[in-house]
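Residues per chain, in single letters:
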Amino acid sequence: MRNSRWQEYRFAYLLIIPSLVLLSGIILYPILDNFVISLYKYDLTKPWFRPFVALGNYQDLIHNPEFWASVGRAAYFTAASVSLEVILGLAIALFLNMQFPGRGILKTLVILPWAVPTVVSAIMWKWIFDANYGALNGLLLQLGVINQYQAWLTRPITALNLIVAADVWHQTPFVVFIFLAALTTIPDALYEAARVDGAGALRSFQRITLPLLRPAFLIVFVVRTMEAFRVFDLIYVMTGGGPANATQVVTYYTYVSTFSYLHLGDGAAQSFLVSAFILVLSVAYIKLLGSQVEY
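On a predicted model such as this, the values are computed, not experimentally measured, just so you know. (Residues numbered from 1 in each chain as written. Predicted model: local features only at pLDDT ≥ 70, side-chain atom pairs only at ≥ 80, totals over all residues. Heavy atoms only, no water.)

J.: Help me understand the nonpolar core, please; the structure alone is not making it clear to me.
T.: What tends to happen in soluble globular proteins is that the nonpolar side chains get buried as a cluster. Membership of the largest hydrophobic core comes to 59 residues, with the highest contact counts inside it found for Phe179 and Met238. The biggest single contributor to this core is helix H7 (residues 156–183), with 13 residues. (Core = buried A, V, L, I, M, F, W, Y, C linked by side-chain atoms within 4.5 Å. Buried < 20%, exposed > 50% of the residue type's maximum accessible area, 1.4 Å probe, protein only. Helix = DSSP H or I, 4+ residues; strand = E, 2+ residues; numbered from the N terminus.)

J.: Where do I start with the pattern of salt bridges in this structure?
T.: Side-chain pairing between opposite charges can occur once the charged atoms of the two side chains come close. A full pass over the atoms with the stated rule returns 5 salt bridges. Asp60 is paired through a salt bridge with Lys41; the nearest N and O atoms lie 3.1 Å apart. Note that Asp60 is positioned in helix H2 (residues 56–62) and Lys41 in the loop between helix H1 (2–37) and H2, a separation of 19 residues in sequence. One salt bridge connects Glu227 with Arg224, and the closest N-O pair in it is separated by 2.6 Å. Here Glu227 and its partner Arg224 are both found in helix H10 (residues 214–229), 3 residues apart, which amounts to about one turn of the helix. (Salt bridge = Lys/Arg side-chain N within 4 Å of Asp/Glu carboxyl O.)

J.: Could you clarify how one ought to interpret the environment of His170 in this entry?
T.: By the secondary structure assignment, His170 is in helix H7. Once the C-alpha coordinates of His170 and Ala122 are considered, the two residues, 48 residues apart in sequence, prove to be 9.2 Å apart. If near-sequence neighbours (up to four positions away) are discounted, His170 is found in contact with Pro113, Trp114, Val116, Pro117, Thr118 and Ser121. Within polar-contact distance, the side chain of His170 engages the backbone oxygen of Val116 at 2.6 Å. (Contact = heavy atoms within 4.5 Å. Polar contact = N/O pair within 3.5 Å; in protein donor to acceptor, adjacent residues only side chain to side chain.)

J.: Explain H7 to me, please; I cannot follow it from the model alone.
T.: In an α-helix, one turn spans 3.6 residues, which is why side chains three or four residues apart end up on the same side. Helix length check: H7 (28 residues) gives 40 Å between terminal C-alpha atoms against 40 Å at 1.5 Å per residue, within 8%. The sharpest bend along H7 comes to roughly 40°, located at Gln171, with the proline Pro173 sitting one to four residues further on. (Expected span 1.5 Å × (residues − 1). Bend = angle between axes of the 7 residues up to and from the residue.)

J.: What's the story with the packing of aromatic side chains in this structure? I'm lost.
T.: In this description, a pair of aromatic rings is defined by centroid distance and the angle of the planes. Tallied over the full model, the rule gives 20 aromatic pairs. Each ring, one from Phe67 and one from Trp68, has its centre 5.4 Å from the other, and the planes form 70°; the classification is edge-to-face. Residue classification places Phe67 among the buried residues on the basis of a relative accessible area of 0%. Seen in terms of ring centroids, Phe229 and Phe277 are 6.1 Å apart; in terms of plane orientation they differ by 75°. Their pairing is edge-to-face. Taken as a pair, Phe229 in helix H10 and Phe277 in helix H13 (residues 264–289) lie far apart in primary sequence, 48 residues in all. Phe229 gets classed as buried once you look at its relative accessible area, which sits at 4%. By relative accessible area, Phe277 is classed as partly exposed at 23%. One residue, Arg50, lies across the ring of Tyr42, its end atom 4.3 Å from the ring centre. (Phe/Tyr/Trp six-rings, centres within 6.5 Å; stacked < 30°, edge-to-face > 60°. Lys NZ or Arg CZ within 6 Å of the ring centre and 35° of its normal.)

Next up, the structure:
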């Protein structure tokens, strides 16, 4: 019996090994190679000079105020985007969870922004915010809010917040359908029992809906935090990190350091620090929200 089970395990491992080798070559090797590069002072303008500095690149980053400024912008972007997406996504999901005519059509309309490729979405919003022919300026001028066209994306105060708005428009549908899927799993009997006990809609939401949505909150926070903290395409298309580096988040800072200044060692170290930040945030979410929910 034991030999038969061992043969089954060995056969299973033999089936898995090709996939593990492929994944190691595609995922694990580039990560390890990138880490090795981060241990060298690797400047592509001087490829013959590549001294080993161990953790020197990481130490330079820790004492680099520009790097920490870009981390702060990324943190603000992440906090603002994820917070707004969770609030709007939950509200829309609660509305779509109700029964009403045209519900299916509305679901289709809600998912459309998420179906648009990110680069296309960024180009669209760049046109909307354009200083010369943007739709936002035209609308506000018609409403009498402004008396002349404004250069929204060239103002440090407004540029990052407008990119947040573009990200919220694009990513909120994902949050909506995560919450909507979770809402459909909550038994109606719980709400009926709550009504029998005299609980109102707000009380039922606090005591039934929110606790049972905890796994959905965990998925949304982890996935959206990872994506928002490493935002790049929106920044690249809409502002290119400007004006005056006001939208230069940490991933764009890494891109400039690596591909514009060709400092491959610094760029590799920055990418690992960004991964560490995301890992810490993900672990914090799991600790706060990862407890099992039971009916």
